[in-house]
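# Structure assessment
The primary structure of each chain is shown beneath.
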Amino acid sequence: SNPLPRGSKLEIPLWLAKGLHDSKRRIISVELPKIYKEAWRTVLSADANVVDLHKMGPYYYGFGSQLLNFDNPENPEIAQTILQTFISRFRRIMDSSQNAYNEDTSALVARLDELERALFQAGQKGLNDFQSWEKGQASQITASSLVQNYGKRKFTEVDG
């Protein structure tokens with residue numbers, strides 16, 4: 001029932017912080033999690049592949065991009081670090097997903113952010129599908145739904 005004293009620090013969910021954030025009224029200010037602060041940005045800039053992103057925050061990219069909605073003078077540096085981290089880790093993730101056929105990849109995957117895990121799984125699925133096709137185990141090659149829908153749209157535009 002008593003209001004919080006000015007300057008109180010609370011941990012609240014991101015959705016609530018976004019709802020309370022008002023740059024004009026200054027109801028709240030957001031403190032950056034340590035993975036987005038300058039010290040960690042320096043580590044990530046030096047070699048992003050050595051960092052266990054899952055341990056630091058399983059949604060590093062998604063959460064970091066949401067932090068950019070808050071007024072913070074470090075936003076340009078945070079955005080640049082998020083982008084460079086993704087770029088520097090992407091090739092290794094995709095190479096690993098393509099070269100780990102029937103191998104235990106749990107140690108590698110354990111260190112990945114959730115977005116990176118999805119990319120790794122997509123790469124593995126592509127590799128497995130290709131291997132099945134190459135062995136003659138795939139029943140039939142079919143056009144992707146994107147290609148099918150694109151063709152339908154083209155014909156509709158011509159008919160109209």
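Our subject is the structure that appears above.
What comes next concerns the included structure. (Residues numbered from 1 in each chain as written. Predicted model: local features only at pLDDT ≥ 70, side-chain atom pairs only at ≥ 80, totals over all residues. Heavy atoms only, no water.)

### Focus: the overall build of the chain
Of the regular secondary structure elements, the chain holds 8 helices and 0 strands. Counting from the amino terminus, the chain carries its helices and strands in the arrangement α-α-α-α-α-α-α-α. In terms of overall dimensions, the chain is more spread out than a globule: its C-alpha atoms have a radius of gyration of 22 Å, far above the 15 Å expected for 160 residues. Seen through its principal axes, the chain has C-alpha atoms that stretch 70 × 50 × 30 Å. A burial count over the chain gives 23% of its 160 residues as buried. In the chain, once contacts between residues fewer than 6 apart in sequence are set aside, the share between residues at least 24 apart is 65%. Of the accessible surface of the chain, which amounts to about 11,700 Å², a share of 55% is contributed by carbon and sulfur atoms. Of the side-chain charges in the chain, 20 are positive and 19 negative, and the distance between the mean point of each set is 5 Å. (Helix = DSSP H or I, 4+ residues; strand = E, 2+ residues; numbered from the N terminus. Rg over C-alpha atoms; globule rule 2.2 N^0.38 Å. Buried < 20%, exposed > 50% of the residue type's maximum accessible area, 1.4 Å probe, protein only. Contact = heavy atoms within 4.5 Å. Areas by Shrake-Rupley, 256 points an atom, 1.4 Å probe, with all protein chains shown as cover. Lys, Arg positive; Asp, Glu negative; His and termini not counted. Charge placed at Lys NZ, Arg CZ, Asp CG, Glu CD.)

### Focus: the packing of aromatic side chains
Taken as a whole and judged by the stated rule, the model has 6 aromatic pairs. Between Tyr60 and Tyr61 the ring centres are 5.1 Å apart and the planes differ by 75°, which places this aromatic pair in the edge-to-face class. Accessibility classification places Tyr60 together with Tyr61 in one group, the buried group. Note on Tyr61 and Phe86: the rings are 5.5 Å apart at their centroids and 90° apart in plane angle, and the pair reads as edge-to-face. Of the two residues, Tyr61 is situated in helix 4 (residues 60-67) and Phe86 in helix 5 (residues 75-99); the sequence distance between them amounts to 25 residues. The rings of Tyr36, Tyr60, Tyr61, Phe63, Phe86 and Phe90 are connected pair by pair, giving a single aromatic cluster. (Phe/Tyr/Trp six-rings, centres within 6.5 Å; stacked < 30°, edge-to-face > 60°.)

### A word on the pattern of salt bridges
Throughout the structure, instances matching the rule amount to 7 salt bridges. Of the charged contacts, one joins Glu31 and Lys9 as a salt bridge, the two residues approaching to 3.2 Å between their closest N and O atoms. Remark: Lys9 occurs in the segment before helix 1 (14-20) and Glu31 occurs in the loop between helix 1 and helix 2 (38-47); sequence separation between them is 22 residues. What makes Lys9 exposed here is its relative accessible area of 69%. Ionic pairing is found between Glu74 and Arg41, a salt bridge with its closest N-O pair at 2.7 Å. Taken together, the residues span a long stretch of sequence, with Glu74 in the loop between helix 4 and helix 5 and Arg41 in helix 2 at a distance of 33 residues. Through salt bridges that share partners, Lys9, Glu31 and Lys37 make up one connected network. (Salt bridge = Lys/Arg side-chain N within 4 Å of Asp/Glu carboxyl O.)

In short, the description is geometric, and any link to function would need to be established separately.
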